[in-house]
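Listed below are the residues making up each chain.
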Amino acid sequence: MALTVLTLRTPDGEHRISCPMLGSLTLGSGAECDVRFEGVGIMPKHCVLYRTGERTFQIIGVFAAALFSVNDVISSELEVNVPFKFGIGGDVFDVDLVEGEEEAPVEEKAMVMEAVPGAEIRSGGEGESAAMATATVALPRTSKRGYLLKPITLKPRGGERLGEVILPVVTLTERSAPATPAPESDAPPAVVTAAAVETEPQREEEGASVLLMSGLLFCGAMIAAIVYWPHHLDRISEGKAVVKTEQAMPKLTPEEKVLACEDLLRLGAPELAAQVLMPLAERGNLAAMHRLALALRNSGSYGEEVVVLLQQAVAGGRRAALADFVSVVDDPENPARYTEAAFKQLQMAAEMGEKSAWMPLGERYEHGNGTQADVKKALAAYEKARGAGDKRAEAKLSAKQEAMDRVVAYVRSWNEVSVATLLEQVAAGQGKFFMLDHPPMEVLLKMEEEMRARWPLRRISVAAGASAEVETFDLIHVTQPFQFEVQRGERIARGKGVLVCTVQRDGEDRWRITGASDKIEASELLPGKEQFVNVASLHELKPAFTKEEQVEESRLEILEQMRGLEATEDFKPALSVVMNAVYEFPGENFWQPFADKLCDRMARQLFMQGKWLDVAWTEPVHQLAERGCVSAMLLEGHLLAAGYGYERNPARSVAMYQKAFEAGKRRDARFYYAEALFQGKGVPQDIEKAGALVLAFMSRSKHPLEAYLAAHLLWRKAEHDPALWQEVYDSLSRVVAQFPPAKNLAGMVLLNHGQTTKERKTGFAAIKAAAEEGVVEAMKNLSQCYLEGVGCEKDATQATFWKQKAMVTEPPRRRHYTEFGE
């Protein structure tokens, strides 16, 4: 006895249903199911139970959400051996196989299931007992169709509308009527009344499955309903009873079947169309192969068989399948999309004239998928795809034009005064630009500025004949011819040239020039060729200056860098061009006035801010001092005295002041040297030598620093010669408005050596004014005046106030000599 009966047991009872080898059962809550359940979450067609072996079953949910459990494992697809526990809708059944009577081999067998609570069995006739009902279905036979070995999921459909008639889907009752032998024919069974629906299915062809039978029955029902329905309506209108009839079905040709399946595909029934198309495809019908491939693809059963069917159809001469063949081969879901086989398939389609194959072929050539990467072949393929109207190819090929446009914009920017647009054209530091290798952006900008300075008048335009060589679609080499005319004074150069640029697409999808070189051919050089140098490149083309012109050019360059120095306080560019002139013209001294002005400005900043901003400036200053620049000597002396850029060294500082004075006898150098001698910083104090340097030249000076130093030296002499106090006062009075410390010293002269009360009060007022302006010595003197009542009434409170204020007040910063005008 064979195991052919499936049992489902519950606490309420047991029912049985015939399930031979390779059979299947549909489970769900719908009326068309083989076994119907009621419960929460059970779908009309919930799952299908396939018997795949002697004791093996495969259970597949019709939908991803159609869940069930097997031995407490929840899933939508499982393979299991009996016995097992099957759970659905909250109920659990014990499932097993038992022996049943062996039946003679016939085309159809019956499945029998005993009715039990919780499950419904579809009745096969009115005379059967309610306790026992029989359901019949056609059993599948083995098939050799390797491309349909996977189970097909049928979508539950309530019906299809054709005109004003709703065609019902074939139910279990309709396809479970007793089988009656019939002669081999393609005609499907007739449809009769709803009270007792009987069908006469045609003999199953070799290898037909249950789904194939269901599809054919459905097609037959559709056609029979169309023929029968008008007669049925006529009889109803005449009041006649409806009786059972059988309508002969017209036999459909293969072409008509294929057309009908196209309608099924449009209606969203690819699985049903596939069942009808399979026999035709197996017989070699090219149209059926084509439509079957589309049906399989639309049903979600996409795989190698789809490509094979379309390739066979195309190879057989069905040109209508070419576009679908290309689409399937290049489908993102195709696991073999980028293989050599797929590349050859696309090649075959292109050779057969399918224009849609050129775009994916271009992509394969571009990226080397399935073939050797070849940009030229990729470009040719994209050109053909663009000719066929593919916008993706247009986007690919536009890369060349975008790169060429970038180079055109770069050439035209050479005519502009500003170099700001260069920032939009190039990406620095990636390649070689003319004579510079991997230059940073600031170097590139300087090169462009120098070209504009060399040739103030420029007329540069692009010429015809530009070309682009695509290395990759993100890296393109562009060759751009151009014409030029540049002029400086009487020098004029005209000619043509070729610019070669490497253009790359950056991370923001913008094209940037990463390398450039040019060659020029001068057609005219005025007044003569000897007036020019480096005529091979426009960026290196320079006027051949005479020495005088070179000096003047350098002087103008220094002057340009010195302009605006007061506002920017950026000394590096000016210091650089001055040093270039020093090294380039060692026998010339035209640069010295600029160097003196620059060093004085740097010294003033040092005095104002009390710090040296860039230690790198120290060496150029030293080099200028070594070459006789007086201001550089003084600046180096200041740095040595303060310990900026050097170790603090007062002795060397005084030596630099002396050197500066002896080099130029300049007044500022005399002042700093005399001041150092007077204060005795770095050297022993030498009042006599300081006086000799100062008194003869500065006693009547209107420069505040000179007058203040001269007053101090005269003060020493006036202590031995009272007649000199007037001279001390006169020297200070000339600068009190500009220099508050002089105001304090002048007040002390009046307070101590004034002849009248008025003079002493004037002296007190001067000291008080200096104190209020922040002079610390004046604050101390004013406190003493209030304490002793000199020049004022005694006031201990004011004396204490000014004494304390003097203790917390920072001394005023030192003023540089150049801050005052004579």
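For clarity, every value in this text was computed on a predicted model and none was experimentally measured.

What to know about the overall build of the protein
Then, in step 1: Along its length, the protein carries 27 helices and 24 strands.
Then, in step 2: Considering only contacts within the protein whose residues lie at least 6 apart along the sequence, 54% involve residues at least 24 apart.
Then, in step 3: Element-wise, carbon and sulfur atoms account for 52% of the exposed surface of the protein, whose accessible area totals about 41,600 Å².

Focus on the side chain of Ser-731
Then, in step 1: Along the chain, Ser-731 falls in helix α23 (residues 725-733).
Then, in step 2: With relative accessibility at 0%, the residue Ser-731 sits in the buried group.
Then, in step 3: The contacts of Ser-731, once residues within four sequence positions are left out, are Ser-699, Ala-707, Ala-710 and Ala-711.

A look at the nonpolar core
Then, in step 1: Counting 93 residues, the largest nonpolar core has Ile-558, Leu-598, Leu-624, Leu-635 and Val-728 as the members making the most contacts within it.
Then, in step 2: Sorting elements by how many residues they give to this core places helix α22 (residues 704-718) first, with nine residues.

Describing the confidence of the model for the protein
Then, in step 1: In the predicted model, the protein carries a mean pLDDT of 80, and the fraction of residues at 70 or more is 81%.
Then, in step 2: Per-element confidence in the protein is highest for strand β18 (residues 457-462), whose mean pLDDT is 96, and lowest for strand β15 (residues 165-167), whose mean pLDDT is 30.
Then, in step 3: The low-confidence segment residues 102-213, where pLDDT is below 50, has 210 contacts with residues more than four positions distant or belonging to other chains.

Some details on the packing of aromatic side chains
Then, in step 1: Counted by the stated rule, this structure contains 20 aromatic pairs.
Then, in step 2: On the basis of an interplanar angle of 35 degrees and a centroid distance of 5.9 Å, the ring pair of Phe-68 and Phe-86 is categorised as tilted. Of this pair, Phe-68 sits in strand β7 (residues 68-70) while Phe-86 sits in strand β10 (residues 84-88), placing them 18 residues apart in sequence. The two residues Phe-68 and Phe-86 agree in class, both being buried.
Then, in step 3: For the ring pair Phe-671 and Tyr-817, a centre distance of 5.8 Å and an interplane angle of 40 degrees mean the geometry is tilted. A residue pair is termed long-range when its members are at least 10 positions apart, and Phe-671 in helix α20 (residues 667-679) and Tyr-817 in the segment after α27 (796-808) qualify at 146 residues.
Then, in step 4: The class of Tyr-817 is buried, set by a relative accessible area of 10%.

Some details on the pairing of strand β21 (residues 491-505)
Then, in step 1: As judged from the 14 bridges shared by strand β20 (residues 475-488) and β21, these two strands associate in the antiparallel manner. When the bridges of β21 are listed, Pro-481 appears paired with Val-498.
Then, in step 2: From the end of β20 to the start of β21, which pair antiparallel, there are two residues, and Gly-489 there has a positive phi angle of about 60 degrees.
Then, in step 3: When β21 meets strand β22 (residues 511-526), the two strands line up antiparallel, connected through 14 bridges. The partner of Ile-492 across the bridge, within β22, is Leu-526.
Then, in step 4: Hairpin connection between β21 and β22: a loop of five residues separates the two successive antiparallel strands, and Asp-509 in this loop has a positive phi of roughly 60 degrees.

Focus on helix α8 (residues 358-367)
Then, in step 1: Within α8, eight of the 10 residues are buried, which leaves it mostly tucked inside the rest of the structure.
Then, in step 2: By the burial criterion, the buried members of α8 are Met-359, Pro-360, Leu-361, Gly-362, Glu-363, Arg-364, Tyr-365 and Glu-366.

Section: the pattern of salt bridges
Then, in step 1: Under the criterion given, the structure shown has 37 salt bridges.
Then, in step 2: Its salt-bridge partner being Glu-38, residue Arg-36 comes within 3.8 Å of it at the nearest N-O pair.
Then, in step 3: Residue classification places Arg-36 among the buried positions, given a relative accessible area of 19%.
Then, in step 4: Residue classification places Glu-38 among the exposed positions, given a relative accessible area of 63%.
Then, in step 5: Asp-668 serves as the salt-bridge partner of Arg-666, at 2.7 Å between the closest nitrogen and oxygen.
Then, in step 6: Judged by relative accessible area, which is 22%, Arg-666 ranks as partly exposed.
Then, in step 7: A residue is classified by how much of its surface remains accessible, and Asp-668, at 8% relative accessible area, is buried.
Then, in step 8: Members of the salt-bridge network, linked through shared partners, are Asp-330, Arg-337, Glu-363 and Arg-364.

Topic: the sheet that holds strand β3 (residues 24-28)
Then, in step 1: The sheet built from five strands is open, its strands ordered β4-β3-β5-β6-β9 with mixed pairing. Bordering the open sheet on either side are β4 (35-36) and β9 (77-81), each of which pairs with just one other strand.

Some remarks on a negative patch on the surface
Then, in step 1: A cluster of like negative charges, contributed by Glu-449, Glu-450, Glu-557 and Glu-584, occupies part of the molecular surface.
Then, in step 2: Tracing the backbone through its elements, the reader meets Glu-584 in helix α15 (residues 572-584).

Digging into the environment of Thr-472
Then, in step 1: Within the fold, Thr-472 resides in strand β19 (residues 467-472).
Then, in step 2: A C-alpha to C-alpha distance of 9.9 Å links Thr-472 and Ala-399, two positions 73 residues apart in sequence.

Remarks on the packing of helix α17 (residues 618-626) against helix α18 (residues 630-642)
Then, in step 1: Running from N to C, α17 and α18 cross one another at 130 degrees; their axes reach a closest spacing of 7 Å. Regarding the angle of α17 to α18, the classification is oblique. The crossing of α17 and α18 is left-handed. In this structure, α17 uses Val-621, His-622, Leu-624 and Ala-625 to contact α18, whose residues at the interface are Ala-632, Met-633, Leu-635 and Glu-636.

Observations regarding the packing of α8 against helix α9 (residues 375-387)
Then, in step 1: Packing of α8 against α9 leaves a shortest axis separation of 8 Å and a crossing angle of 165 degrees. When the axes of α8 and α9 are compared, the pair comes out roughly antiparallel. Both α8 and α9 take part in a crossing whose hand is left-handed. Of α9, the residues touching α8 (which contributes Trp-358, Met-359, Leu-361, Gly-362, Glu-363, Tyr-365 and Glu-366) are Lys-377, Ala-378, Ala-381, Tyr-382, Lys-384 and Ala-385.

With respect to the pairing of β10
Then, in step 1: The buried count for β10 comes to four of five residues, which makes it a mostly enclosed element.
Then, in step 2: Where β7 meets β10, two bridges bridge the pair, whose relative direction is antiparallel. When the sheet's bridge partners are listed, Val-70 is paired in β10 with Phe-86.

What about unusual backbone geometry?
Then, in step 1: Between Val-82 and the following residue, Pro-83, the backbone shows a cis peptide bond with an omega angle of -5 degrees.
Then, in step 2: Secondary-structure assignment places Pro-83 in the loop between β9 and β10.
Then, in step 3: That bond from Leu-526 to Pro-527 is cis: its omega, 5 degrees, falls within 30 degrees of zero.
Then, in step 4: On the secondary structure map, Pro-527 appears in the loop between β22 and β23 (532-533).
Then, in step 5: In this structure, Asn-71 takes a positive phi of about 55 degrees despite not being glycine.
Then, in step 6: Of note, Asn-71 is situated in the loop between β7 and β8 (73-75).

Cut-offs used in this document
Residues numbered from 1 in each chain as written. Predicted model: local features only at pLDDT ≥ 70, side-chain atom pairs only at ≥ 80, totals over all residues. Heavy atoms only, no water. Helix = DSSP H or I, 4+ residues; strand = E, 2+ residues; numbered from the N terminus. Contact = heavy atoms within 4.5 Å. Areas by Shrake-Rupley, 256 points an atom, 1.4 Å probe, with all protein chains shown as cover. Buried < 20%, exposed > 50% of the residue type's maximum accessible area, 1.4 Å probe, protein only. Core = buried A, V, L, I, M, F, W, Y, C linked by side-chain atoms within 4.5 Å. pLDDT = per-residue confidence, 0-100. Phe/Tyr/Trp six-rings, centres within 6.5 Å; stacked < 30°, edge-to-face > 60°. Pairing = 2+ DSSP bridges. Salt bridge = Lys/Arg side-chain N within 4 Å of Asp/Glu carboxyl O. Patch = residues over 30% accessible without salt bridge, like charges linked within 9 Å, V, L, I, M, F, W, Y side chains within 5 Å. Lys, Arg positive; Asp, Glu negative; His and termini not counted. Charge placed at Lys NZ, Arg CZ, Asp CG, Glu CD. Axes fitted to C-alpha atoms, helices over the stretch in contact; angles between N-to-C directions. Parallel < 35°, antiparallel > 145°, perpendicular 65-115°, else oblique. Left-handed = near helix turned anticlockwise from the far one by under 90°.

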